[in-house]
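Residues per chain are reported as follows:
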Amino acid sequence: MSGSSGPFRKGKHVKLIIAAIKPFKLEEVREALTTLGVRGMMVTEIKGFGSQSGHTEIYRGAEYAVNFVPKVKLEIVVPAAMAEQVVETIATTAKTDKIGDGKIFVLDVQQAVRVRTGELNDDAI
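Residues numbered from 1 in each chain as written. Predicted model: local features only at pLDDT ≥ 70, side-chain atom pairs only at ≥ 80, totals over all residues. Heavy atoms only, no water.

What about the nonpolar core?
Stated precisely, the cut-off is as follows: Definition of nonpolar core: a set of buried residues of the types Ala, Val, Leu, Ile, Met, Phe, Trp, Tyr and Cys, connected through side-chain atoms within 4.5 Å. For every residue, the accessible area (1.4 Å probe, protein chains only) is compared with the maximum for its type, and the residue is labelled buried under 20%, exposed over 50%, or partly exposed between those bounds. Note on contacts: a residue pair is in contact if any heavy atoms of the two residues lie within 4.5 Å.
Judged by nonpolar contacts, the single largest core of 15 residues is most densely connected at Ile21, Val78, Val86 and Ile90. Excluding anything up to four places from it in sequence, Ile90 contacts Ile17, Ala19, Ile21, Val29, Leu33, Ile76 and Ile104. Counting residues in hydrophobic clusters, the runner-up holds 5 residues, among them Val14, Leu16, Val109 and Ala124.

Structure representation (structure tokens):
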């Protein structure tokens, strides 16, 4: 990776899409993204809360506050030209019309590197 032409010497700009969705929607979202041409993603089981602020559940006759709700976090790096279509696909596929459907964030990626080959940016994904 030597060279003096900076972090974008080869390849084009890429975006990082972070989505928090309901766990039971993961496989459906993955299939829709694969059909779209997404070649990979990172998936993490997380807990969080948003406007639903948790809820209460009854366990063995006692009511407990559940402050964090299970979610799945997807991290997907795609060429900038694909980002809008990926966001729309996640949003429509993950939607249940119920509170807690999730959130999607899109960030600029300064540089992406494929460790094995040294390829950069969209060549690395």
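Brief notes about the side chain of Glu75
We count it as follows: For helices the rule is a DSSP run of H or I covering at least 4 residues; for strands it is a run of E covering at least 2, with both sets numbered from the N terminus onward. Neither His nor the chain ends is counted toward charge; the positive residues are Lys and Arg and the negative residues Asp and Glu. Take a side-chain nitrogen of Lys or Arg and a carboxyl oxygen of Asp or Glu: if they are within 4 Å of each other, that pair is a salt bridge.
Among the structural elements, Glu75 can be located in strand 5 (residues 69-79). Although Glu75 is buried, it makes no salt bridge; Lys73 carries the closest opposite charge, 4.1 Å away. Dropping the residues within four chain positions of it, Glu75 is found in contact with Leu16, Ile17, Ile18, Met41, Met42 and Thr44.

What to know about the sheet that holds strand 2 (residues 42-48)
To be explicit about the condition: One requirement defines pairing of two strands: DSSP has to find at least two bridges between them. Only the stretch in contact is used when fitting a helix axis, every axis being a line fitted to C-alpha atoms; angles between N-to-C directions are given from 0 to 180 degrees.
The 4 strands lie next to each other as 2-5-1-6, forming an open sheet whose pairing is antiparallel. Of all strands in the sheet, those bounded by a partner on one side alone are strand 2 and strand 6 (102-109). Neighbour-to-neighbour, the strand axes of the sheet open up by a mean angle of 20 degrees, direction not taken into account. Looking at chain direction, strand 2 and strand 5 are connected through 7 bridges and run antiparallel. Bridging from a neighbouring strand, Lys47 pairs with Pro70 of strand 5. Contacts between helix 1 (residues 26-36) and the sheet are confined to strand 1 (14-21), strand 2 and strand 5, with strand 5 contributing the most and set at about 10 degrees to the helix. Against the sheet, helix 2 (residues 83-94) touches strand 1, strand 5 and strand 6, its axis set at about 10 degrees to strand 1.

Examining the pairing of strand 5
For a regular strand, side chains alternate in direction, first toward one face of the sheet and then toward the other. Pairing between strand 1 and strand 5: 8 bridges, direction antiparallel. Looking at the pairing, Lys15 lines up with Val78 of strand 5.

Points about the side chain of Lys25
This is how it is decided: Two N or O atoms count as a polar contact when they lie within 3.5 Å, although within protein this holds only if one can serve as hydrogen donor and the other as acceptor, and sequence-adjacent residues are included solely when both atoms are side-chain atoms.
In this structure, Lys25 sits in the loop between strand 1 and helix 1. Within polar-contact distance, the side chain of Lys25 engages the side chain of Glu28 at 3.1 Å. For Lys25, the side chain forms a polar contact with the main-chain oxygen of Thr93, separated by 3.2 Å. Once residues within four sequence positions are removed from consideration, Lys25 is found in contact with Thr93, Ala94, Lys95 and Thr96.

What to know about the confidence of the model for the protein
For the record, the criterion: Residue-level confidence of the predictor is what pLDDT reports, using numbers from 0 through 100.
Per-residue confidence for the protein gives a mean pLDDT of 87; residues scoring 70 or more make up 85%. Taken together, the stretch residues 1-5 has pLDDT below 50 and engages in 6 contacts with residues farther than four places along the chain or on a different chain.

Examining unusual backbone geometry
Not every positive phi belongs to a glycine, and Asp97 is a case in point at roughly 65 degrees. Along the chain, Asp97 falls in the loop between helix 2 and strand 6. If you check the backbone angles, Asn121 has positive phi at about 55 degrees while not being a glycine. If you trace the backbone, Asn121 turns up in the segment after strand 6.

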